[in-house]
Amino acid sequence: MYQEKNKVCKVLSAFAVILVELALMAATTVVFVMAFERVDAKRTEVAAAGSSTPATAAVQPEPDKTSQPDGQPLKQSEDWKLVLVNYDHELPDTFETQIVHEFSVDLDSRIVEPYRQMHDAALKDNIKLWLSSGYRNDDRQQRLYEEEVEAYYRTGISYEEAVSKASKSVAPPGTSEHITGLAVDLNGVLENFGDTKESDWLLAHAQDYGFVLRFPEDKQDITRIKYEAWHYRYVGVENAKKMKELNMCLEEYVDYLSKNQTASH
Ligand SMILES: [Zn+2]
């Protein structure tokens, strides 16, 4: 009888241990899922902003703030395709956006056909391109930017530091090129997009459709935006081919054109 009881006890305690283990596993899973969801929510939000997660942004090298060509704001080109919007250049009042809804995003009507042609040509090479983001107005940019600053601030750094870090992963309102309607974010704004065959295809062919990689890795000191493999900008076929040939980013190219014009007159 005692042995019987002992056996039951053993079975019961073994059962209890299993229960506790199961409970622990469940708790761990819940914590893990919650953490993952938080990261995922953040990622979706920042993806919409056309940027990377703060975690990655934080380990990026600090771009050199002093090396803008000549240290002076550049004169805007008269070519609408070359309109410059960055930390030193807001969208000129004279620039007229013509926003339409195509490919599930808002973008300037003038880049609809060029993008369609690029998309279709890519598809023929078995490359699938899709748009995550096109035109974004300033209100939306303001909200994304404030959320980014707050997220950094909550990590315990000073407000100034939070602003500085946030400015590198989400463009402050008025300085995001997405307000032109001429910029697009491709294929879900993935951190590793630069390692994909879609990215390879774009690097080889985008200029034939008037698009350029706007924030190349080797131009971070000039653009002052970290490398964004997914962000392309329409500048027109002629400009895009020339920029590629000269290995210039938009800031350099606008500067180069204005100097060349001055020289030839
Ligand atoms: Zn973008």
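What counts, and where the lines are drawn
Residue positions are counted from 1 within each chain, in the order its sequence is given. With the structure being a predicted model, the display of local features is reserved for residues of pLDDT at least 70 and the display and counting of side-chain atom pairs for 80 or more, all residues being used for whole-chain, interface and lining totals. The side-chain figures draw on all heavy atoms in the structure; neither hydrogens nor water molecules are used. Two aromatic rings, drawn from Phe, Tyr or Trp (for Trp, its six-membered ring), form a pair once their centres lie within 6.5 Å of each other, and the interplanar angle then sorts them: stacked below 30 degrees, edge-to-face above 60, tilted otherwise. Starting at the N terminus, helices and strands are each numbered in turn, a helix being any DSSP run of H or I of at least four residues and a strand any DSSP run of E of at least two. Between buried and exposed lies partly exposed: a residue is buried under 20% and exposed over 50% of the maximum accessible area for its type, with that area taken using a 1.4 Å probe on protein chains only. Each polar contact in these results corresponds to two N or O atoms within 3.5 Å; when the atoms are within protein, one needs to be able to donate a hydrogen and the other to accept it, and residues that are neighboring in sequence are counted only if both atoms are side-chain atoms. In this description, contact between two residues means that some pair of their heavy atoms is separated by no more than 4.5 Å. Strand pairing follows a simple DSSP-based rule, namely that at least 2 bridges must link the two strands. In this analysis an axis means a line fitted to C-alpha atoms, helices contributing only their contacting stretch, and an angle means the value between N-to-C directions, from 0 to 180 degrees.

Novice: Go over the packing of aromatic side chains with me, naming the residues and quoting the values.
Specialist: All chains considered together, the criterion is met by six aromatic pairs. Seen in terms of ring centroids, Phe103 and Tyr115 are 4.9 Å apart; in terms of plane orientation they differ by 75°. Their pairing is edge-to-face. Highlighted residues: Phe103 in the loop between strand 1 (99-102) and strand 2 (105-108) and Tyr115 in helix 3 (residues 112-124), separated in sequence by 12 residues. The exposure class assigned to Tyr115 is buried, which follows from its relative accessible area of 1%. Between Tyr253 and Tyr256 the ring centres are 6.2 Å apart and the planes differ by 20°, which places this aromatic pair in the stacked class.

Novice: Run through the side chain of Glu177, naming residues and quoting values.
Specialist: As for its placement among the helices and strands, Glu177 is situated in the loop between helix 5 (159-169) and strand 4 (183-186). Separated by 2.7 Å, the side chains of Glu177 and Arg214 make a polar contact. In terms of polar contacts, Glu177 uses its side chain to reach the side chain of Arg233, at 2.7 Å. Glu177 has contacts with Val85, Ala183, Arg214, Phe215, His231, Arg233 and Leu250, leaving out every residue within four places of it along the chain.

Novice: Can you tell me about the sheet that holds strand 6 (residues 228-234), naming the residues and giving the values?
Specialist: Read across the open sheet, the four strands follow the order 3-4-6-5; overall the sheet is antiparallel. Where the open sheet ends on each side, the last strands, each with one partner, are strand 3 (131-133) and strand 5 (211-215). Across the sheet, the mean angle separating the axes of adjacent strands is 50° when strand polarity is ignored. The pairing of strand 4 with strand 6 spans three bridges and is antiparallel. Bridging from a neighbouring strand, Asp185 pairs with His231 of strand 6. Across the sheet, helix 3 touches strand 3, strand 4, strand 5 and strand 6, and the angle it forms with strand 5 is around 95°.

Any functional reading would require information that these geometric values do not contain.
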